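Listed below are the residues making up each chain.
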Amino acid sequence: MKFIIKDKMKGRLRVHMCQNHMSYEEADILLYYLESFEPVSSAKVYDRTADAVICYTGNPDIIIDRLRRFHYEDVKVPNGYLERSGRETNAMYQEKLIDKVIFHYARKWFLPYPISAAYTGLMSVKYIWKGIKTLTKGKIEVPVLDATSIGVSVLRGDMKTAGSIMFLLGIGELLEEWTHKKSVDDLARTMSLNVGKVWLKTENNEILVDSDTIAKGDHVVVNVGTIIPFDGTVCDGEAMVNQASLTGESVPVQKNAQKYAYAGTVVEEGELTICVKEVKEVSGSSRYEKIAQMIDESEKLKSNLEGKAEHLADRLVPYSLGGTILTYLLTRNVTKALAILMVDYSCALKLAMPVSVLSAIREAGNRKITVKGGKYLEAVAEADTIVFDKTGTLTKAQPTVAGVVSFNGTSENELLRIAACLEEHFPHSIAKAVVDAAKRKNLDHEEMHSEVKYIVAHGISTMIGDSKAIIGSYHFVFEDEKCTIPAGMEEVFENLPVEYSHLYLAIDNELAAAILIEDPLREESADIVE
């Protein structure tokens, strides 16, 4: 596609797309296209000017070449991406805001005063009625304050002041609604999975279908390296699932029949069939809508500070009214008395706190931190003790071999060579650690075994010549396979270093080696804890 480079500096490009008009949909497609390109760290697309600002790393020629090859019709955007981009919502509220300002000043400048005054009087009824309803409930709160200032201005015939108050209140309500909707939508987009296609299992085969066509009763197949698209119960298969997105724990968790699988987690080994009949409200309710509903509900979990701000705002109202009456009694000047109502700060307190909390939750979401309510933010602020999960948090979650303990007299290098020969067939992180350790020692581990049988979450079983060789967890080697410890080596086994994880290699049902696996600390761990 044709474009013009308007500005170019290191790490940043501003381009103008050569087209007469850019629709919201086209702007979102271009944004998705740019953000899905690895060298692009961030991008913004301005539909009104058909401009794009691209921040990138590396060679700008790669970005320019990618833009040359760009065509709207060639970009496949995930389901729901365009509908919930938020661009149209922002434009709608901007138009509402502009219309409100134009209407207010056009009415003020061009309408005859009697008609303008009549309109102001009619509009004031809404605010005055709201204040009266609040009073009938025995409360003196912010609506009473608004009603008083507008009502007194109308009674004095000061329609300009009444109109200005209502105009400012309307602007405030519009901005609050806009900010709230934008915050909720942005957070929901951050948390959405954007899974467009899933494998639907039928009686005869598996079919690739759109995720939004899945209904109750369907079975979804999730393969290695794939995100689980729905919450549900495993009805078939066995796999190791990375639940770091939910729990922060990077060590995969075993899932098999009847266990619950969570949307957003990733299958690292094996394959699962998820029973979608267990997923609540799949039909007619998208995941995005559920997330937005969850966020709205999370606002009920308000922090004490939010509650205090609301109560404080309401408690200020009687003082504002009292100050108004006192000013009038001392000065006998209605304008000065009304000025007290005009500078009241209770509204600011009441509106600012929820918006601040929503903005904080959204910012946390952008940094891959999920916060489900204001009270949890407050709890973190007040915490005096933090408990850290070790794996993947303080450690690198990249296991390495710290050592090999021989139990049958064979050299450590030979045992490591055998272990690497078995483990090289599987993409598990611990298997990779064993293979990498053998490479570092330049140990040649050509195939020496028969077909390898892999049991998910347990270990590996094969034949080396006439000997059966197995490698895996304690449960697999000693409980499932009933392997024994060589005579006289019991004390060595009992005294294996507890600071390491242990991978066991057995030959002919007798323990041959314990491979010590460590998960190195991150270099920044000490600073983080401090």
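Anything mentioned here points back to the structure above.
Quick look at the structure, then. (Residues numbered from 1 in each chain as written. Predicted model: local features only at pLDDT ≥ 70, side-chain atom pairs only at ≥ 80, totals over all residues. Heavy atoms only, no water.)

Per the stated rule, a full pass over the model turns up 14 aromatic pairs. Ring centres 5.4 Å apart and planes at 40° place the aromatic pair Tyr 105 and Trp 109 in the tilted group. Here Tyr 105 and its partner Trp 109 are both found in helix α3 (residues 87-110), four residues apart, which amounts to about one turn of the helix. When the centroid spacing of 5.2 Å and the interplanar angle of 65° are considered together, the rings of Tyr 260 and Tyr 262 count as edge-to-face. An aromatic cluster is present here, built from Phe 407, Tyr 474, Phe 478, Phe 493 and Tyr 504 joined pairwise through their rings. (Phe/Tyr/Trp six-rings, centres within 6.5 Å; stacked < 30°, edge-to-face > 60°. Helix = DSSP H or I, 4+ residues; strand = E, 2+ residues; numbered from the N terminus.)

Two elements in contact, helix α14 (residues 412-423) and helix α15 (residues 429-440), have axes separated by 8 Å at closest approach and are oriented at 130°. On the basis of the axis angle, α14 is oblique to α15. Crossing of α14 over α15 shows left-handed handedness. Contacts between α14 and α15 involve Leu 416, Ala 419, Ala 420 and Glu 423 on the former and, on the latter, Ala 431, Val 434, Val 435, Ala 437 and Ala 438. In terms of residue class, the contact of α14 with α15 is made up of eight nonpolar, no polar and one charged. (Axes fitted to C-alpha atoms, helices over the stretch in contact; angles between N-to-C directions. Parallel < 35°, antiparallel > 145°, perpendicular 65-115°, else oblique. Left-handed = near helix turned anticlockwise from the far one by under 90°. Contact = heavy atoms within 4.5 Å. Nonpolar A, V, L, I, M, F, W, Y, C, P; charged D, E, K, R; others polar.)

With that settled, consider α3. The terminal C-alpha atoms of α3 lie 34 Å apart, and with 24 residues this matches the ideal 34 Å at 1.5 Å per residue to within 8%. Every buried residue of α3 is accounted for by Arg 87, Thr 89, Ala 91, Tyr 93, His 104 and Arg 107. (Expected span 1.5 Å × (residues − 1). Buried < 20%, exposed > 50% of the residue type's maximum accessible area, 1.4 Å probe, protein only.)

Residues of strand β5 (residues 197-201) alternate between two faces, with Val 198 and Leu 200 buried on one and Lys 197, Trp 199 and Lys 201 left unburied on the opposite face. Where β5 meets strand β6 (residues 206-210), five bridges bridge the pair, whose relative direction is antiparallel. Its bridge partner lying in β6, Lys 197 is registered against Asp 210. Across three bridges, β5 lies against strand β7 (residues 219-222) in antiparallel orientation. The residue of β7 that forms the bridge with Lys 201 is His 219. (Pairing = 2+ DSSP bridges.)

On the secondary structure map, Ile 64 appears in helix α2 (residues 60-68). Sequence separation of Ile 64 and Leu 13 is 51 residues, and the distance between their C-alpha atoms is 9.2 Å. Other than its neighbours up to four places away in sequence, Ile 64 contacts Phe 3, Ile 5, Lys 8 and Leu 13.

Turning our attention to the sheet that holds strand β2 (residues 12-17). Read across the open sheet, the four strands follow the order β1-β2-β4-β3; overall the sheet is antiparallel. Bordering the open sheet on either side are β1 (3-9) and β3 (40-46), each of which pairs with just one other strand. In this sheet, adjacent strand axes meet at a mean angle of 15° when their direction is disregarded. Examined bridge by bridge, β3 and strand β4 (residues 51-56) share six bridges and lie antiparallel to one another. Bridging from a neighbouring strand, Val 40 pairs with Tyr 56 of β4. Running at roughly 165° to β1, α2 makes contact with β1, β2, β3 and β4 of the sheet.

Before going further, it helps to examine unusual backbone geometry. One non-glycine residue, Asn 442, lies in positive phi territory at about 55°. Looking at where Asn 442 falls in the secondary structure, it is placed in the loop between α15 and β13 (453-455). Using a relative accessible area of 68% as the deciding quantity, one classes Asn 442 as exposed. Positive phi values are uncommon outside glycine, yet Asp 508 reaches one of about 55°. Tracing the chain through its elements places Asp 508 in the loop between β16 (501-507) and β17 (510-518). The class of Asp 508 is partly exposed, set by a relative accessible area of 46%.

This part covers the sheet that holds strand β15 (residues 467-472). Sheet strands associate in pairs through backbone hydrogen bonding, adopting either a parallel or an antiparallel arrangement. One open sheet holds the six strands; their spatial order is β12-β17-β16-β15-β14-β13, and the pairing between them is antiparallel. Because the sheet does not close on itself, it has two edges, and the strands there are β12 (400-406) and β13. The average undirected angle you get between the axes of adjacent strands in this sheet is 20°. Bridge count between β15 and β16: four bridges; the pairing is antiparallel. Considered in β16, the bridge of Ala 469 is made with Ile 507. The sheet strands contacting α14 are β12, β14 (459-464), β15, β16 and β17, and the helix crosses β16 at an angle near 90°.

Where nonpolar side chains cluster on the molecular surface, the patch consists of Val 101, Tyr 105, Trp 109 and Phe 110 and spans about 470 Å² of accessible area. Turning to its location among the elements, Phe 110 is positioned in helix α3. (Patch = residues over 30% accessible without salt bridge, like charges linked within 9 Å, V, L, I, M, F, W, Y side chains within 5 Å. Areas by Shrake-Rupley, 256 points an atom, 1.4 Å probe, with all protein chains shown as cover. Salt bridge = Lys/Arg side-chain N within 4 Å of Asp/Glu carboxyl O.)

With that out of the way, let us pick up the pairing of β2. Burial along β2 is one-sided: the residues Leu 13, Val 15 and Met 17 are buried and none of Arg 12, Arg 14 and His 16 is. The sheet contact formed by β1 and β2 spans six bridges and is antiparallel. Counted as the bridge partner of Phe 3 is Met 17 from β2. What sits between β1 and β2 in their antiparallel hairpin is a turn of two residues, with Gly 11 showing a positive phi close to 80°.

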